[in-house]
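Residues per chain, in single letters:
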Amino acid sequence: MSMTRIVVLANSWKHNDWCLAGVDLDTDKWVRPVTGLDDGRVPQTAMKLGGYFPALLDVLEIPLDSSGPDFDFESENRTILPGRWYHRGKLTPEDIRKYAKRPYYVLHNHRKYVTCKELQQKPFEKRVTLQLIQVSGFKVRDARRESTDKPNWKGAILSGGRKLEVKITDPVYFERLNGGHKPLPSCFLTMSLGMPYKPPDWDKDERPVCWKLIAGVIEL
C-alpha cells in the first residue's frame, strides 16, 4: 500500500462534505485526496483517524493511489485507498513558507474564475487548481444578501493587478469571522478552484466555470 505524507493546507466545505488538500512532504507537490463520489468530495467517515478531524498544518499519512479522477481539468487528484490514516504531528507557518508564492496571477488569470477550456488547453501538469499565496493587508467582507441572514464571507486578493473578492470556504476561519474575529493583515491563503458552476443569473448560453476559492487561511 502506498502511504503519502501531506501537510494539510485545506479542509474546506464541499457539498456538505469536504475538500482535503495539501503538499506531499516527500515530493513538494500538491495532492488532493478524492473519493469515488461524483465530484470527489471526502465524507468525514472516509477520514480514518478515529474521529479526529484534520486541521490546517496537520501532517497526515494517507493511503493514496498514484492517480485519480481529474474531472477533465484538475491535475492534483489522487484516489483514497482503503486503510487507516495516521496523524504524524503538526507543522508551523514558518515550516510551510517555502511553498508560499506571491504570484502576479493567482490561479492562471485576473478573473474570479477559470474556464475548463482554459485549463484543458494546458499540459496536464500545468492544470494547477491549488496554490498557496502569501498576502499582506488581507481584508474580508460579509457579502450576504439582504434577503438572507446567512453570512457570506469573502476575502480580497490581487491577481493580474486587479482586486478580486472570492468566497472563503475554510469552515474554521469562517466561524471565527462569525464570532467577530478581526483578520490579521499578513497570512497564507490556500487558493483552490471549485467544480464547474454557473450562477443562476448568468446567460443561458454561458458554460459553467471553475470559481476561485479561499480554502484555507493561515494567519501570520
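Just so it is clear, the model here is predicted, and its values are computed rather than measured.

Chemist: Describe the overall build of the chain, and please don't skip the residues or the numbers.
Modeler: Of regular secondary structure, the chain possesses two helices and 13 strands. In terms of overall size, the chain behaves like a compact globule, its C-alpha atoms giving a radius of gyration of 17 Å where 220 residues would be expected to give roughly 17 Å. Overall, the chain is about 50 × 40 × 35 Å in size when its C-alpha atoms are taken along their principal axes. Within the chain, contacts between residues at least 6 apart in sequence are counted, and of these 66% link residues at least 24 apart.

Chemist: Residue-level account of unusual backbone geometry, with values.
Modeler: We note that Phe 71 has phi near 55 degrees; this positive angle belongs to a residue other than glycine. Within the element layout of this structure, Phe 71 appears in the loop between strand 4 (58-63) and strand 5 (77-79). Phe 71 sits in the partly exposed class, given a relative accessible area of 22%. Of note in the backbone geometry, Asp 72 takes a positive phi value of approximately 70 degrees without being a glycine. Since its relative accessible area comes to 51%, Asp 72 is described here as exposed.

Chemist: Describe in detail the nonpolar core, supporting the description with residues and values.
Modeler: Ranked by internal contacts, the top residues of the largest apolar core, which has 32 residues, are Leu 9, Leu 60, Ile 62, Trp 85, Ile 96, Leu 132 and Ile 218. Contributing elements (two or more residues each) for this core: strand 1 (3-14), strand 2 (17-24), strand 3 (30-34), strand 4, strand 8 (130-135) and strand 13 (210-219). Element by element, the count of residues in this core is highest for strand 1, at five residues. Ignoring sequence-local partners within four residues, the contact set of Leu 132 consists of Leu 9, Trp 30, Ile 96, Tyr 99, Ala 100, Lys 101, Phe 188, Leu 189 and Thr 190. Counting residues in hydrophobic clusters, the runner-up holds 24 residues, among them Phe 73, Ile 133, Val 166 and Leu 189.

Chemist: Give me the lowdown on the side chain of Ser 192, citing residues and values where you can.
Modeler: Position of Ser 192 among the secondary structure elements: in strand 12 (residues 187-193). What Ser 192 contacts, discounting residues up to four positions off in sequence, is Arg 32, Leu 107, Thr 129, Leu 130, Trp 211, Lys 212, Leu 213 and Ala 215.

Chemist: I'd like to hear about the environment of Trp 202, residue by residue, with values.
Modeler: Mapping Trp 202 onto the fold places it in the loop between strand 12 and strand 13. With 50 residues separating them along the chain, Trp 202 and Asn 152 place their C-alpha atoms 20 Å apart. In this structure Trp 202 touches Tyr 113, Arg 207, Val 209 and Trp 211, once residues within four positions along its chain are discounted.

Chemist: Describe in detail the packing of aromatic side chains, supporting the description with residues and values.
Modeler: The full count for this structure, using the stated rule, is six aromatic pairs. Joined through ring pairs, the aromatic side chains of Tyr 113, Trp 202 and Trp 211 make up one cluster.

Chemist: Explain the sheet that holds strand 2 to me, and be specific about the residues and the numbers.
Modeler: In space, the six strands of this open sheet follow the order 5-3-2-1-4-6, with mixed pairing throughout. Looking along the sheet, the strands with just one partner apiece sit at the ends: strand 5 and strand 6 (86-90). Each strand of the sheet is rotated relative to its neighbour by a mean of 40 degrees, with strand direction disregarded. In the sheet, strand 3 pairs with strand 5 via three bridges, with the strands oriented parallel. Looking across to strand 5, one finds that Val 34 is bridged to Thr 79.

Basis of the calculations
- Residues numbered from 1 in each chain as written.
- Predicted model: local features only at pLDDT ≥ 70, side-chain atom pairs only at ≥ 80, totals over all residues.
- Heavy atoms only, no water.
- Helix = DSSP H or I, 4+ residues; strand = E, 2+ residues; numbered from the N terminus.
- Rg over C-alpha atoms; globule rule 2.2 N^0.38 Å.
- Contact = heavy atoms within 4.5 Å.
- Buried < 20%, exposed > 50% of the residue type's maximum accessible area, 1.4 Å probe, protein only.
- Core = buried A, V, L, I, M, F, W, Y, C linked by side-chain atoms within 4.5 Å.
- Phe/Tyr/Trp six-rings, centres within 6.5 Å; stacked < 30°, edge-to-face > 60°.
- Pairing = 2+ DSSP bridges.
- Axes fitted to C-alpha atoms, helices over the stretch in contact; angles between N-to-C directions.

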